[in-house]
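# Coordinate inspection notes
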Amino acid sequence: MTVAGHTSDPESGADAGRGDVLAPGRDEGRTERERREDVEARYGWRYTLGQLRRDPTAAAGLVVVGLVTLVAAVAWVDAVLFDFLAEFGVFAGLGVEQYALAKAVWTSPVAEPAGTPRLLPPVGLENQFGEGTLAHPLGTDHRGRDILLRLVYGSRVAIQVGFVAAVVGMLGGTVVGAVSGYYGGRVDDVLMRFVETLYSIPFLVLVLSLVAVLGARENLTIIMFVVGVVYVPEFARLIRSRVFSVREEVYVEAARAAGVSTPAIIRRHVIPNSITPVLVQGTLRVGTAILTVAGLSFLGFGVNPPTPSWGRMLSISRDYMIQNVWFSIWPGLAILITVVGFNLFGDGLRDALDPRLKN
Amino acid sequence: MHDPLLTVEDLQTHFFTEDGVVRAVDGISFDVAPGEIVGLVGESGAGKSVAVRSILRLVEDPGRIVGGEVRFRDQTLVGFEDDATAADTAGDDRSDDPGDEPGSQPGRPVPRPEMLSESAMRQRIRGNEIAIIFQDPMESLNPVYTVGGQLREFIELNRDLSGRAAREAAVEMLREVNIPDAERRYEDHPHEFSGGMRQRVLIAMALACEPSLIIADEPTTALDVTVEGAILDLVRDLQERYGTSFVWVTHDMGVVAEICDRVNVMYLGEIVEQAGVDELFHDTKHPYTQALLNSIPRPDETVEQLDPIAGVMPEAIDPPAGCRFHTRCPDAREVCTRRNPPCRTVVADGRPHRAACLKHESAFPEADYWASRPIGNLERPAPDARGDGDE
Ligand SMILES: Nc1ncnc2c1ncn2[C@@H]1O[C@H](COP(=O)(O)OP(=O)(O)O)[C@@H](O)[C@H]1O
Ligand code: SF4
Ligand SMILES: [Mg+2]
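Owing to the predicted nature of the structure, the values given are computational and were not obtained by experimental measurement. (Residues numbered from 1 in each chain as written. Chains lettered and ligands numbered in written order. Predicted model: local features only at pLDDT ≥ 70, side-chain atom pairs only at ≥ 80, totals over all residues. Heavy atoms only, no water.)

### Notes on the overall build of chain A
Worth spelling out the cut-off: Here a strand is any run of E in DSSP of at least two residues, a helix any run of H or I of at least four, and the numbering for each starts at the N terminus. The buried label applies to any residue whose accessible area, calculated with a 1.4 Å probe on protein chains only, is under 20% of its type's maximum; exposed applies above 50%, and partly exposed to all values in between. Whether two residues are in contact is decided by their heavy atoms: any pair within 4.5 Å suffices.
Assigned secondary structure in chain A consists of 15 helices and two strands. Taking all 359 residues of chain A together, 46% fall into the buried category. Counted over contacts in chain A with a minimum sequence separation of 6, partners at least 24 positions apart contribute 66%.

Written out as structure tokens, the structure reads:
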């Protein structure tokens, strides 16, 4: 065997006399074991996790992603879920209200505490407003609120935006791309023309005009959906090219021969076998979406004050750069670390899921 | 004679490619009686897979069934109006459908009203009445689900079972095909099974809904010989117990001898000989069948003594004029280059033995084969011959 491993060469040695004439084209050169390993390489989750652990940058990415997501989840419960539950008498009676958790532990991230100096530097440093204290380890903002607390609560906006946008893009793209790729022909022509049109408009231009058209300057929900919709074309193209090959697989034909309906075939067989690149790209896009929405806040689109978000913090802190540069540095760092974390994780995931894509 | 379970009549399936029309299946007729294993044998490319897919209407673009009939019991799986085509039926809503590739396409044949709809095929026939097993057991199962899960999904789809009952039925089927430790293997993914075991799973899947007919498209070709033997034993055993009919596609006469009751030999889209398995082996009527038989390796012969068929099968896109086998036939005579013999009865007692060869004067008196000049394929190997084995 000349080429080791995965490339098959149909050499048929012993039964050449008969093989030449009668044997159909099948890859006899490959042993059962090689084929099994090949399949395992592509589908084993244990294998994937093992690969991730062995790749230090990916592991670092995974740690960052995990930590930020965890913090954001707690913040989300306190800021969003509690706010929602507080409307119901039962829960309100139990003392559930927005920021109940933060208040129980410390103080509300939106309240402006009387008497706290504004624009304090981090602990151990000093500026014209005073000396940094352990009470506000990262310092305070222009209204005297604790920057650490605001960062913690801002993480939920970032993560929510990133996940929702990526999921919207993945779902929309997967449906459009899978249908387009499976049916081919005219369905494909129509869907792909639509997708190409969206794709040809520069990303930020499209986001800004959609947000403007929808009058959603301060509506975070609409903004993150818009970002997600703008991701649809790239996910659609990604999965479509994969579906083109998956639909030719024998198990798809076997499903058709067993009487499975086309929608069920797409759902049960085609999508699960084409989804890997979408998951990888989705992970990367969480980071990009966070960055995009932070950028939008900078332009004045995004959450209402006083809800904490990294983008708004960054945008407001511009006016206080001279007095307390740390007010800008911290949210900037938070965004940077989170986005890089998602990128490292996504790259590692890609390498682990498909070693052949490694470059 | 009993009513056949499946009747295929003059079935034609062509592929409309950019290079021209590939006549992959060009007018084949055969039937399958209840409880019978009928072989469909021929070299790779003869059109066997296309033929059996046509029975279930699974042929995909650019392929299309262009004529003929397939009946299953009293249902019409394929059936077209005799000579009307959509192109010349004014006002037919198909004819103003501009979706077809430009040029070169003849009008589509018009389905007869009794031809089953696509959804009826899906709900009543595919998987329920007729199951199909494909050649490659390594690729016929979806790698992302467990074997048991796939079997169970299939049972839920085609039988009135769900939840635990479906699961139990699935485990039961795995036992039925002799998969050791079925309860535990249920949870395994396809890549954890060997080729032979996967083929057993596929057989279990095919049997799960107790279809009356199973089409097996070279199910053992990808397996090694001992595994193949075990699978054939299993199938024979199951066939006896369930009484299922089979259409068994293979290129291997050895497999035919082991498993089939009757055999159809296919060459370039046509059936050239049709007989019970004993008649086929001991009273061979077609030179192509003879050539296939000569190429079976026997235990007492070495590979060198094999007698492969000279030359390669021509392309179905451009079949030879006259008898399609004449470019490779050792008995070819001048008349064979002009006449393409249909498959006619050459021995009439019992179920007829048919052959498509002009040699048989009683069936083809008009050809006057013996008066024609031999063209001597034996001395002059076909120009594109690959196997010059006997020198
Ligand atoms: N999708 C397709 N497009 C064009 N030609 C095809 C297609 N599928 C099969 N054919 C042609 O049909 C003929 C019969 O193929 P097949 O039924 O697969 O042969 P077998 O199963 O006997 O080996 C071949 O000549 C092949 O080239
Ligand atoms: S008809 Fe002629 S060429 Fe064809 S099989 Fe018979 S003898 Fe050979
Ligand atoms: Mg085939």
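### Examining the site of ligand 2
Applicable threshold: Any residue with a heavy atom lying within 4 Å of a molecule or strand is counted as near it. The classification used treats Ala, Val, Leu, Ile, Met, Phe, Trp, Tyr, Cys and Pro as nonpolar, Asp, Glu, Lys and Arg as charged, and all other residues, Gly among them, as polar.
For ligand 2, the full set of nearby residues is His286, Pro287, Cys323, His326, Cys329, Asp331, Ala332, Cys336, Cys357, Leu358 and Tyr369 of chain B. A per-class count over the shell around ligand 2 returns eight nonpolar, two polar and one charged.

### Comments concerning the domain arrangement of chain A
All names here are of chain A. Rules: What counts as a domain boundary in this text is fixed by an automatic or database domain assignment. Two parts placed together each lose some accessible area; with a 1.4 Å probe, that loss summed over both constitutes the buried area. The salt bridge definition used is simple: a Lys or Arg side-chain nitrogen within 4 Å of an Asp or Glu carboxyl oxygen. Under this definition, polar contacts are N or O atom pairs within 3.5 Å; protein pairs additionally need one hydrogen-donor-capable and one acceptor-capable atom, and for neighbouring residues in sequence, both atoms have to be side-chain atoms.
You can read the domains of chain A as domain 1 (57-131) and domain 2 (153-357). Centre-to-centre separation of domain 1 and domain 2, based on C-alpha positions: 27 Å. Residue-level contacts link 28 residues of domain 1 with 22 residues of domain 2. With both chains or domains summed, domain 1 and domain 2 bury close to 1,900 Å², and 78% of this area falls on carbon and sulfur atoms. Ranking the residues of domain 1 by area buried against domain 2 places Val65, Val68 and Leu119 at the top, with a combined share of 23%. Counting the contacts that link domain 1 with domain 2 gives zero salt bridges. Run the count over domain 1 and domain 2 and you get four residue pairs in polar contact (both at pLDDT 80 or more). Looking at the side of domain 1 that touches domain 2 element by element, the count peaks at 15 residues for helix α4 (residues 56-85).

### Re the site of ligand 1
Residue and element names in this part refer to chain B. Our working rule: The Shrake-Rupley method, run with a 1.4 Å probe, gives the accessible areas here. Residue values count only the displayed protein chains as cover.
The environment of ligand 1 is made up of 13 residues, and the closest members are Gly45, Gly47, Lys48, Ser49 and Val50. With respect to ligand 1, the backbone of Gly47 contributes an N or O atom lying 3.0 Å from an oxygen atom. One nitrogen or oxygen atom from the side chain of Ser49 is found 2.6 Å from an oxygen atom belonging to ligand 1. Alone, ligand 1 offers 560 Å² of accessible surface; in the complex the protein occludes 68% of this.

### A closer look at the pattern of salt bridges
All told, the structure shown has 42 salt bridges over all chains when counted by the stated rule. Glu196 of chain A serves as the salt-bridge partner of Arg237 of chain A, at 3.1 Å between the closest nitrogen and oxygen. With a gap of 41 residues between them, Arg237 of chain A in helix α10 (residues 220-246) and Glu196 of chain A in helix α8 (residues 185-200) connect regions that are remote in the sequence. Taking relative accessible area as the criterion, Glu196 of chain A reaches 40% and is therefore assigned partly exposed. For Arg164 of chain B, the salt bridge is made with Glu168 of chain B, and the minimal N-O distance between the two is 3.1 Å. Placement of the pair is Arg164 of chain B and Glu168 of chain B together in helix α4 (residues 163-176), with a separation of four residues, close to one helical turn. Here Arg164 of chain B falls in the exposed class, since its relative accessible area comes to 66%. We classify Glu168 of chain B as partly exposed; its relative accessible area is 49%.

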